Amino acid sequence: MSKGIAIAVSGKGGVGKTFLSSMLVKKLSQHGSVLAIDADPDTNLPQALGVSVTKNVGESREAILNAPARSKVASAKQEYLELALHEAIEEFPQFDVLVMGRSEGEGCYCAVNHVIRQVLDSRGKGHDFTVIDCHAGLEHLSRRTTRDVDIMIIVADPTKNAMQSARRIVDLSRELRIDFGQMLVIANRVTPENRPQADRLAAENGLSIAVYIPFEPLVGQFDTQGRPVSQIPDDSPASQAIDEICRRILSYG
Ligand SMILES: Nc1ncnc2c1ncn2[C@@H]1O[C@H](COP(=O)(O)OP(=O)(O)OP(=O)(O)O)[C@@H](O)[C@H]1O
Ligand SMILES: [Mg+2]
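A quick note: this is a predicted structure, and the numbers were derived from the prediction, not measured. Residue indices begin from 1 for each chain and proceed along its sequence in written order. Lettering for chains starts from A, numbering for ligands starts from 1, and both go in the order in which the items are written. Predicted model: local features are reported for residues with pLDDT of at least 70 only, side-chain atom pairs are reported and counted for 80 or more only, and whole-chain, interface and lining totals are derived from all residues. The side-chain numbers reported here are obtained from all heavy atoms of the structure, hydrogens and water having been left aside.

### Looking at the site of ligand 1
Selection rule: Nearness here has a simple test: a residue counts as near a molecule or strand if at least one of its heavy atoms is within 4 Å of that partner. We call two N or O atoms a polar contact when they sit within 3.5 Å, provided that within protein one can donate a hydrogen and the other can accept it, with sequence-adjacent residues counted only if both atoms are side-chain atoms. Both cavities and pockets are sets of points on a 1 Å grid over the protein atoms alone; in a cavity a 1.4 Å probe fits but cannot get out, in a pocket the set is open with protein on both sides within 12 Å along at least five of seven lines, and lining residues sit with an atom within 4 Å of a point. Being in a pocket or cavity means that more than half of the molecule's atoms lie within 2 Å of its grid points. Per the convention used, a helix needs a DSSP run of H or I reaching at least four residues, while a strand needs a run of E reaching at least two, with both numbered from the N terminus. Just so you know the grouping, Ala, Val, Leu, Ile, Met, Phe, Trp, Tyr, Cys and Pro go in nonpolar, Asp, Glu, Lys and Arg go in charged, and all remaining residues, Gly too, go in polar.
Close to ligand 1 lie 18 residues; Lys17, Thr18, Arg189, Glu216 and Asp223 are nearest. A distance of 3.1 Å is found between a nitrogen atom of ligand 1 and a backbone nitrogen or oxygen belonging to Pro214. Separating an oxygen atom of ligand 1 from a side-chain N or O atom of Asp223 is a distance of 2.7 Å. Structurally, ligand 1 is housed in the largest pocket. For the shell around ligand 1, the secondary structure elements donating two or more residues are α1 (17-28), β7 (182-190), β8 (209-214) and α9 (217-225). Considering only residue class, the shell around ligand 1 consists of 7 nonpolar, 6 polar and 5 charged.

This is the structure in structure tokens:
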């Protein structure tokens, strides 16, 4: 593979972004090198992947900037960010993980956003796949953090709010003229009972659902027991639906 594929997983809070991201990381790692980016300041992708990560970009950056011997001139900022980025990547046998963490207090996420853009800019040199578990909401779009993503995955469950959020992501991308190579709307936690509602809400919001991930009680059980959700069995219908998303990713480009 000459150039890596960057995938972002977005959607309203609680729709299943982290579960799906972790499954994609695990499955794609069977096809090439993967960098998993946890871009949610409330970090939980490592737990979903079953790894423990001690570093994060926000803290590495602050440590670097606070070091007494370092110059704090603006021109050096970029260099420090790069350093922070490399220091914060943790390597595991199957994949690498980069946790963004928080930076510059709760409100300002600028440096972290910058780092993600930088990773995406240079991804050709690094991993075959980059999977970004986004913070809920639209900030990654308005700040153009995810502008260079190839495949934008928008997760929604069969609720009105989640489908409306999914539509806002599509609308805002158009407004900002962010042209993803592909956008995939994924319905999660689908049951035979709620599937008609998922279809109706998607249609009302002008969305077309690419893949339906069934409700899988094991995901909740694993979560409650503190077991990594990415370890649900391969023959689970939810895991098989995610295989279909992987096929789409593998056939991209
Ligand atoms: N297919 C599924 N079947 C059953 N439960 C699921 C499924 N997908 C996710 N869940 C459950 O839904 C909850 C939310 O999932 P997850 O944490 O992945 O969402 P999220 O979008 O990352 O949330 P946040 O916005 O808070 O980061 C979790 O308790 C998880 O166990
Ligand atoms: Mg999450």
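### Some thoughts on helix α8 (residues 195-204)
For the record, the criterion: Working definition: with a 1.4 Å probe on protein chains only, accessible area under 20% of the residue-type maximum means buried, over 50% means exposed, and in between means partly exposed. As used here, the arc belongs to the directions running from the helix axis to the C-beta atoms.
Of all the positions in α8, only Ala198, Leu201 and Ala202 are classed as buried. Angularly, the buried residues of α8 cover 100 degrees about the axis, an arc narrow enough to put them on a single face. Exposed residues pointing more than 90 degrees away from the buried face of α8 are listed as Pro196, Ala203 and Glu204. At the C-terminal side of α8, Gly206 shows a positive phi close to 65 degrees.

### Here's the deal with the pairing of strand β1 (residues 5-11)
Remember that side chains alternate between the two faces of the sheet whenever the strand is regular. Note the following rule: In this analysis, strands are considered paired if DSSP registers two or more bridges between them.
The element β1 is extensively covered by neighbouring structure, given that 7 of its 7 residues are classed as buried. By the alternation rule, side chains of β1 split into Ile5, Ile7, Val9 and Gly11 and Ala6, Ala8 and Ser10, which are all buried. The pairing of β1 with strand β5 (residues 129-133) spans 5 bridges and is classified as parallel. Bridge assignment links Ile5 to a residue of β5, and that residue is Phe129. Direction of pairing for β1 relative to strand β6 (residues 151-156): parallel, over a ladder of 5 bridges. Residue pairing across strands places Ile7 opposite Ile151, the latter belonging to β6.

### Structural notes on the nonpolar core
Selection criterion: Buried residues of nine kinds, namely Ala, Val, Leu, Ile, Met, Phe, Trp, Tyr and Cys, make up a nonpolar core once their side-chain atoms join them within 4.5 Å. Contacts are assigned to residue pairs with any non-hydrogen atoms lying within 4.5 Å of each other.
Within the largest apolar cluster, 77 residues are counted, with the highest numbers of intra-cluster contacts made by Leu20, Leu24, Leu98, Ile153, Ile245 and Ile249. If we skip the residues at most four places from it in the chain, Ile153 touches Ile7, Ala8, Val9, Ser10, Leu20, Leu24, Leu184, Ile186, Ile245 and Ile249.

### Here's the deal with the pattern of salt bridges
Our working rule: Each salt bridge in this description consists of a side-chain nitrogen of Lys or Arg and a carboxyl oxygen of Asp or Glu lying within 4 Å of one another.
Scanning the model with the defined rule gives 9 salt bridges in all. Residue Arg200 pairs with Glu204 through a salt bridge whose shortest N-O separation is 3.0 Å. Note that Arg200 and Glu204 are positioned in helix α8 at a spacing of 4 residues, about one turn of the helix. On the basis of relative accessibility, which here comes to 51%, the residue Glu204 falls in the exposed class. Between Arg247 and Glu244 there is a salt bridge; the shortest N-O distance is 3.1 Å. Within this pair, Arg247 and its partner Glu244 are both found in helix α10 (residues 237-250), separated by 3 residues, close to a single helical turn.

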